[in-house]
Amino acid sequence: MTHLPESAAPLTEAMRAVDGSEHGISKKGLSAGSVGLIGAIVIGISCIAPAYTLTAALGPTVSEVGVQVPAIILVGFIPMLLVAFGYRELNRRMPDSGTSFTWATRAFGPWVGWLAGWGLVAATILVLSNLAGIAVDFLFLLISQIVGDPAIADLATNPFINVVVCLMFMLGATWISYRDMRTTQKLQYWLVGFQVAVLVIFSVAALIEVANGSAFDATAIELSWFNPFAVESFSAFAAGLSLSIFIFWGWDVTLTMNEETKGSEKTPGRAATITVVTIVVLYLLIAVALIAYAGVGTGEFGLGNPDIQDNVFFHLAGPILGPLAALVSLAVLTSSASSLQSTFVSPARTLLAMGHYGALPEKFAKVSPRFFTPGYATIVSAVVASVFYAVMRFLSENVLWDTITALGMMICFYYGITAFACVWFFRSVWFRSVRNVFFTLLFPLIGGVILAVLFFTTLVDSMDPDYGSGSSVFGLGLVFVLGMVVLLSGVAIMLWQWWKRPAFFRGETLSRAVADD
Amino acid sequence: MGGSRIVVGYTADDSGADALALATRLASASEALLDVVMVLPSEARNSVVPADAGYERHLKERSRTWLAEASASLGTDVAQSLHVRYAESFAEGLIAAAHEFGALLIVVGAARGGVLGRSRIGSVAGELLHSSDVPVALAPAGSREVPAAQGVSRITAAIGTRPGADALLEASVALSRATHAPLRLLSLVSIDLPAGMDEGLAELTSTVHADEVLLAARRALPAAVETAAEVAEGPTIEDAVRGLDWHDGEIVLVGSSRLATPHHLFLGSTAAKMLRELPVPMIVVPRTAAPVATT
C-alpha cells in the first residue's frame, strides 16, 4: 500500500535505513523469482476449481436456461473477460491488497468504495460457506463409496452432522490460511491434473453411456444448445448469465499475476489464455455430456430435478461411473479444499486494507508477525462464513443452491463497481492511445453495464418466491432476501463506521484520484 | 569477532525480541556489526494462492516499520543494519543472508511454546539447525529481559568425545577472545548406566575418559587462553547440567551432531538434553571447519 499510517511517521528516518540496496528484491519490490507458465495455469485452474464450480452451478443454470447451458457458458465469459481487462489496468496502476475497495474509493470516493469492499467480502464469504458445504457432501459420499454403504452419504443431509463437519472443515482451512501453509508445487500440479482428468473421464463415460443407449434420459445433442438466443426469456438469460459469471470467477488472477510470471512478456497473456480455453472446453464438454446423459427433465437423475440440482455430480457420479464414482468425489473434494485456501485470501486481504485505511477498526489491519498473513481478518472471515452457513443450513434445505445464486448477484455488484471505477479513474487518459480507448474505456464500460443489468434484473426477478430453489421468506424469494440482507447490513455497518471513524469518510486516509498519464 | 557481523533472524514477536536481545548482547560484547534480518515468504513457488503485488507491498512496508521499531528500541550503541529478505523459509533466508554478509553467527529465538521458561526448539530453530553451515545461537525464552549491559561473562564449551571438537574449540576460543570472557571446558558424564546400553554410550559415560578428553583439549589450546576445565556428573545429562553453576552472562557452545553432514548443523541428543536444562543461551557449531575458525 502506498500510504503508511501516521503513527509510522516518526520512524521514517530509521525506515529509510532498511535495505536501501534492495538486494534480492526485483525492481518492483516484489519477492525474487517468479511463477512460470505452467505454474500460472495451475494456480488459475486451481482458483477456479472447475470440479467444484460445475457441480454447484450446473443444476441452478439448467433450471434457468434448460438445454442452453453451453450457450450461457460461452456468453458468460464475455463480461468476465471485459471486466478482467479493467481489473488488470487498475492492478497495474494501483496495486493494493484492497483491490476493488481501494480502487472504487479512489475513483468514486469513500462511500462507493466501502460498499464495493463489502460486496467483495460478502461474495467471498458466501462462496467460502458454499465451498465448505460442497466439501462436506462429497466427504460423506467418498466415505460411503469406499465403505460401500450408501447410508453414509445420506448422513450429509442431517443438518446437525452437516454443520458440525462443515465447521471442522472451516477450522482446518482457517488454520492452513492463518499459518500460510503451502502444498508443494508438485503436489498442486498433480491435484489439478487429477481434477481435469477426472472431469474428462466423467464426461466421456457419460457420452459412452449415451452411445450405448443406457443413458438415464438420452437427449440428442443439438446445435441450438449453443445458441444464446434460444433461451426462453431475458430474465432466464440474465439469471443464467449471473450464474456463469460465478463459474469463471477466479480466472482473473491469471491476468493479474502478470507482474510475477517469468519468461517473456507474453507469458501472462498466454497463461490466462490457456487457462480459460482449458476451462471453457472442460465446461462445455461436461455440460453437453451431462445434458445428453440425463436430460433436463425432473426425473430421478434429470438435471431439472430440484432434489439433485444443488450438487449434480454428487447424484450423477454413481449412475455414470459405477465403481469409479469415488474418483469424482475425490476430485471435487480436493478441488474445493484447495480453492478454500485461495478463496480465504481475498476477503482477508480486503478487510486488512479496510482496516489499514481506517474504514474498519484497526484490528483488521493486523498482520501476523510469524506467518505474515492478515491474521485477524482471516479469523473474522472464517467466523462469519461459519455462522452464515450454520444459519442458512437450518433456514433453507436448498442452502447451496440459493447461496450460489445470491453469490452471482454479489459478484455482479462488486465487479460492476470495479469496472466503472476503472473507466472513471482513467477518464483523463482514455484517448491517449488506441489501446487506452479499448482497455480503459470500452471494455470495462461494456463489462460494467452488462454486470449492472444482470445485477438489477436478478434483484427484481428474485423477489418472486418461486425464484431459484423456490425457498421464500415473508413471501419474498430467499435469494432476494439474502441479497438484500447482505447489502443492507453492509450499509448499516458502513453508517456505524462513518460515525465511529469519520476520517476515512472525509477522504483523509485514502483520497480520490485520477490517472494523469 | 571485532568488525565481524552477526545475523539476527527477527520476527515482531517475543521470540524475535529474545533473538534481538541476545544478538545485541553478543554484538556489543564483541564489537560486531548487527544485521537485523526479517525474512518474508517468497511467493515464487507458492502454488495455491495467487501472488498479489498490493499485499506484498503492504507486507514489505509493515516489515520495514517493524524493523524500524526494533531498531529504535536498540538505541544507537550497537552498529546495526536492517534488512528485508525473501526466501522460501525463514531458515533458508537467514543462511543466505549470513553467507551474503560473511556473518559468523546466526541468532534466532529458540522458544516456541517452551515449557517453564526453558528452551525447546521451535520449528524455525529446528530447520536452521538441520541446514546451517554457520554457527547458530539459540536465544531461550526470556532473553529479552537480559540487558545488553550484562555482557558475556564466560564462555563454556561442552566438549564431546567424538570428531567435531576441533571446530568447537576454535569457535569457543575465538568467541572468548572477542568478548574478553574466560573459557570453561566442560565434559558431561551421566554415570547411571541404563540396562542394555550401547557401546558408544558406555564410552561417553566414562569419567576417566572425560578427563582425558579435557586434558587433550586444553593441550590443543593456545597457551594465552584463560581456561578452566570441569567434568559434570549426574545420573542423567539433565542432572549433570543442573548440577553446574551458571553465570547470568554465560554462553554455551556445543558441537553439532555426528549425524550431520560435514559443515552442516544438527543438534545431537546430548545437546538437545542440555538445551532443555540450560538457563543460558547456546550456540551450536558445525562439526568441521566453520567460518568462526577462520578468524
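Residues numbered from 1 in each chain as written. Chains lettered and ligands numbered in written order. Predicted model: local features only at pLDDT ≥ 70, side-chain atom pairs only at ≥ 80, totals over all residues.

1. Considerations on the overall build of chain B
- In terms of helices and strands, chain B carries nine helices and ten strands.
- Out of the 295 residues in chain B, the part that is buried amounts to 57%.
- A fraction of 77% describes how many contacts in chain B between residues 6 or more apart in sequence connect residues 24 or more apart. (Helix = DSSP H or I, 4+ residues; strand = E, 2+ residues; numbered from the N terminus. Buried ≥ 20, exposed ≤ 12 C-beta atoms within 10 Å, placed from the backbone. Contact = placed C-beta atoms within 7 Å.)

2. Details of the overall build of chain A
- Within chain A, the secondary structure is distributed over 19 helices and two strands.
- A compact globule built from 517 residues would reach a C-alpha radius of gyration of about 24 Å, and chain A, at 23 Å, matches this within 12%.
- In terms of principal-axis extent, the alpha carbons of chain A reach across some 75 × 50 × 45 Å.
- Here chain A, with 517 residues, has 58% of them falling under the buried criterion. (Rg over C-alpha atoms; globule rule 2.2 N^0.38 Å.)

3. Here we look at the pairing of strand β3 (residues 80–87) of chain B
Residue and element names in this part refer to chain B.
- Counting buried positions over the eight residues of β3 gives seven, a clear majority of the element.
- In the sheet, strand β2 (residues 33–41) pairs with β3 via eight bridges, with the strands oriented parallel. Within β3, the residue paired with leucine 34 across the bridge is glutamine 80. (Pairing = 2+ DSSP bridges.)

4. Observations concerning the confidence of the model for chain B
Residue and element names in this part refer to chain B.
- For chain B, per-residue confidence averages 77 on the pLDDT scale, and 75% of positions sit at 70 or higher.
- A low-confidence stretch, residues 113–119 stays under pLDDT 50, and its non-local contacts, those more than four residues away or across chains, total 17 contacts.
- The model gives residues 289–295 a pLDDT under 50, and that stretch makes 20 contacts with residues more than four places away or in other chains.
- Here the predicted complex carries an ipTM of 0.80, next to a pTM of 0.84. (pLDDT = per-residue confidence, 0-100.)

5. A few points about the environment of isoleucine 146 of chain A
All names here are of chain A.
- Relative to the helices and strands, isoleucine 146 is located in helix α6 (residues 110–147).
- Residue class for isoleucine 146 comes out exposed when judged on the 12 C-beta atoms lying within 10 Å of it.
- Each C-alpha atom, one on isoleucine 146 and one on proline 95, is 47 Å from the other, the two residues being 51 residues apart in sequence.

6. Here's the deal with the nonpolar core
Residue and element names in this part refer to chain A.
- Core analysis: the largest hydrophobic core is formed by 179 residues, its most contacted members being Ala132, Ala135, Leu290, Tyr293, Met410, Ile411 and Ala421.
- For this core, the element with the most residues is α6, which contributes 22 residues.
- Once you skip the residues sitting within four places of it in the chain, alanine 135 turns out to touch Phe169, Leu333, Ser336 and Ala337. (Core = buried A, V, L, I, M, F, W, Y, C linked by C-beta atoms within 7 Å.)

7. A closer look at the pairing of strand β1 (residues 5–9) of chain B
Residues and elements named next belong to chain B.
- Buried residues dominate β1, accounting for five of its five residues.
- Going residue by residue along β1, you find Arg5, Val7 and Gly9 tucked away on one face and Ile6 and Val8 tucked away on the opposite face as well.
- Pairing of β1 with β2 involves five bridges; the strand directions are parallel. Each residue of the ladder has a partner; that of glycine 9, found in β2, is valine 37.

8. Concerning unusual backbone geometry
- Backbone geometry places phenylalanine 372 of chain A, a non-glycine residue, at a positive phi of 55°.
- Within the secondary structure, phenylalanine 372 of chain A is located in the loop between α14 (325–356) and α15 (375–395).
- Positive phi, close to 55°, is recorded for histidine 180 of chain B, a residue that is not glycine.

9. Concerning helix α9 (residues 185–212) of chain A
Residues and elements named next belong to chain A.
- For α9, spanning 28 residues, the distance from its first C-alpha to its last is 40 Å, which sits close to the expected 40 Å at 1.5 Å a residue.
- Of the positions making up α9, those classed as buried are Gln188, Leu191, Val192, Gln195, Val198, Leu199, Phe202, Ser203, Ala206, Glu209 and Val210.
- Among the residues trailing α9, glycine 213 stands out with phi positive, at a value near 80°. (Expected span 1.5 Å × (residues − 1).)

10. So, helix α2 (residues 53–74) of chain B
All names here are of chain B.
- An ideal rise of 1.5 Å per residue puts 32 Å on 22 residues; α2 measures up with 32 Å between its terminal C-alpha atoms.
- Buried residues dominate α2, accounting for 17 of its 22 residues.
- Immediately beyond the C-terminal end of α2, within one or two residues, lies glycine 75, with a positive phi of roughly 80°.

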